[in-house]
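# Structure assessment
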Amino acid sequence: MKAQALGHSNSCTMTTTSTTAPIFPRLKNGIFISTQTSTQENSITMATSSHGVAINHSSARSIIEQFTGILSCDEISQKLGIPITTIESIIDELLAANFLDTQRKTIKLNNRFQSAIQSRATHTQDQSNDAAYSQLQKRLAPELSQATWIQGVRDGGVDVMTARQNFGIEIIGNSRTATLLFSILLASGVTNTRISLSASYKHPTVVDSDLGSGSLRTTDLGLNYKKRIEELAREWSLFPVASSFALAQRGAPKPVLPEKNLRIICGSFDSQYVEHLLRDGQDHFFVGRAPGHVATVGPFVQPGSTPCRRCLSLIEADRVGVAELSIPLGTSDELPIAVAHQVAALAAHAALKFIDTGKSELQAAQLIVDFLDALNPQLQHFPQHPECECLWTSADLIL
């Protein structure tokens, strides 16, 4: 038996011989397998769009069919009557290609009601007939199919999805793009996502400009914006979200604010608020519209580590030749609906990558989406501006 790489493979330090804990091999979601063309085949090929692995063994297909995460290596060996060394060798090759998960874990639901009555708590452990649990499993599958491919993930993305529930995101803005971004993040498992109170005060009721995104309908016109969004949030959210009314009714404690938070500023913003975020060391990034037919995603700002939004403003002022451009009366600040969907999705991707990996390509960079060339977004990097004090040390500020 020999496994041959067909293309680029990501390295992986975990092997069957480097750990004593039993592993339960399962192919990652998205792996395609060569179609069987003969009853006597000597090899099979597994591949993604970027790379693949060929396994040369007469029982390769039978072995791979057992990689469902149910049986351990020893159990597979006993079931098929194939030496454990052969099973382990194939697993090592698939791990090196990042094609395999090896851990069995379950997702913890932070906000789901659990009865304090012992008999009921024991009864709810069997969730085979729980329609809500079944629906959650089906909605989770696509999200896990992304999370499982993050480098180093070996549990199918379970820890990643669980961690998303413990991350807080506040969206500052009341545009259609902000509402779309809110719904995408909730549906992606970021349960602690909310629209800022300041945005709700500025946007007390649902108005005509909110329509068209698919989130709010004509029947919602005139309704309280905050309450209507909260109602829809329970439908959009991947994981259970208890309403503030329900929490008060059963005397439950108020939810604890997440330790990790991110602010996403959509549209126009208060410069004093941004300065407050910088002083407090709060991570944040921007989604907005530039002059002309351009939407922007970024920059992502980590105070004290990356250039800030003022750096970019100063650079733009140097390029244009004026300190500030004003918006004429009658100019719509809403994005075209197709662009709004695209920008909201790109912003959601940026937020999710930061939550899952702690990294972002939007640090010291901004993604430019031209309305007339939306299929070719451009990532533009920029340095710190020498006149901006965002990266100055305390000693520099005193001087």
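Residues numbered from 1 in each chain as written. Predicted model: local features only at pLDDT ≥ 70, side-chain atom pairs only at ≥ 80, totals over all residues. Heavy atoms only, no water.

## So, the overall build of the protein chain
Stated precisely, the cut-off is as follows: Comment: elements are numbered from the N terminus, with helices defined as DSSP H or I runs of at least four residues and strands as E runs of at least two. Exposed residues in this analysis have more than 50% of their type's maximum accessible area, buried residues have under 20%, and partly exposed residues fall in between, with area computed by a 1.4 Å probe over protein chains only. Between two residues, a contact is recorded if the distance between any of their heavy atoms is within 4.5 Å.
Within the protein chain, the secondary structure is distributed over 14 helices and 13 strands. Counting only residues that meet the buried cut, the protein chain has 42% of its 399 residues in that class. Summarising the internal contacts of the protein chain: among those between residues at least 6 apart in sequence, 64% fall at separations of at least 24.

## A closer look at the sheet that holds strand β10 (residues 284-290)
Hydrogen bonds along the backbone pair up the strands of a sheet, which may run parallel or antiparallel. Quick reminder of the rule: Pairing between two strands is assigned when DSSP locates at least 2 bridges connecting them. Here the axes come from fitting lines to C-alpha atoms, over the contacting stretch only for helices, and the angles between their N-to-C directions go from 0 to 180 degrees.
Across the sheet, which stays open at both edges, the 7 strands sit in the order β8-β7-β9-β10-β11-β12-β13 with mixed pairing between neighbours. Looking along the sheet, the strands with just one partner apiece sit at the ends: β8 (192-195) and β13 (378-381). Going across the sheet, the axis of each strand differs from the next one's by a mean of 20°, ignoring polarity. Along the sheet, helix α11 (residues 271-280) makes contact with β7 (167-172), β9 (260-266), β10 and β11 (294-301), crossing β9 at roughly 160°. Strands in contact with helix α12 (residues 309-320) are β10, β11 and β12 (365-370); relative to β11, the strand with the most contacts, it is inclined by about 135°.

## Quick notes on the nonpolar core
As a reminder, the rule being used: For this analysis, a nonpolar core means a set of buried residues of the types Ala, Val, Leu, Ile, Met, Phe, Trp, Tyr and Cys, connected via side-chain atoms within 4.5 Å.
In this structure, I169, I171, L181, L185, L262, I264 and F285 are the most contacted members of the largest nonpolar core, which totals 44 residues. The biggest single contributor to this core is helix α13 (residues 337-357), with 11 residues. When sequence neighbours within four positions are dropped, the list of residues in contact with L262 reads F167, G168, I169, E170, D283, H284, F285, F300, A351 and F354. Membership of the second largest hydrophobic core comes to 23 residues, among which are L27, I55, I76 and A97.

## With respect to the pattern of salt bridges
Basically, it comes down to this: Salt bridges, as used here, are contacts in which a Lys or Arg side-chain nitrogen is within 4 Å of a carboxyl oxygen on Asp or Glu.
This model, assessed by the stated rule, comprises 14 salt bridges. With a closest N to O distance of 3.8 Å, D101 and R26 form a salt bridge. Of the two residues, D101 sits in strand β6 (residues 100-101) while R26 sits in strand β2 (residues 26-27), which places them 75 residues apart along the sequence. Salt bridges here are not isolated pairs; linked through shared partners, they connect R26, K28 and D101.

## Considering the environment of L362
Here L362 shows up in the loop between α13 and β12. Ignoring sequence-local partners within four residues, the contact set of L362 consists of V297, G298, P299, F300, A350, L367 and L379.

## Concerning unusual backbone geometry
If a residue is not glycine, its phi is most likely negative; likewise, a peptide bond is most likely trans. In this structure, P299 follows G298 across a cis peptide bond, with omega equal to 10°. If you trace the backbone, P299 turns up in strand β11. With a phi close to 60°, N98 is a non-glycine residue in the positive phi region. Phi is positive for A364, close to 55°, though the residue is something other than glycine. With respect to the element layout, A364 can be found in the loop between α13 and β12.

## Considering the side chain of S213
The test is simple: A 3.5 Å cut-off defines polar contacts: any pair of N or O atoms within that distance qualifies, except that in protein one atom must be a possible hydrogen donor and the other a possible acceptor, and neighbouring residues in sequence count only when both atoms are side-chain atoms.
Within the secondary structure layout, S213 lies in the loop between α8 (197-202) and α9 (225-236). A relative accessible area of 9% places S213 in the buried class. Here S215 takes part through its backbone nitrogen, which lies 3.3 Å from a polar atom of the side chain of S213. Those residues within four positions of S213 in sequence are excluded, and the remaining contacts are L180, I337 and H341.

## Details of the pairing of β7
When a strand is regular, its side chains alternate between the sheet's two faces. For the record, the criterion: Here, the term right-handed applies to a crossover whose path from the first strand over the helix to the second runs clockwise when the strands point away from the viewer.
Among the 6 residues that make up β7, 6 are buried, leaving the element largely enclosed by the rest of the structure. Burial along β7 is two-sided: F167, I169 and I171 facing one way and G168, E170 and I172 facing the other are all buried. Two elements, β7 and β9, share 6 bridges in a ladder whose sense is parallel. In the sheet register, F167 faces β9, and the bridge partner there is K260. Crossover β7 to β8 through helix α7 (residues 176-187) is right-handed.

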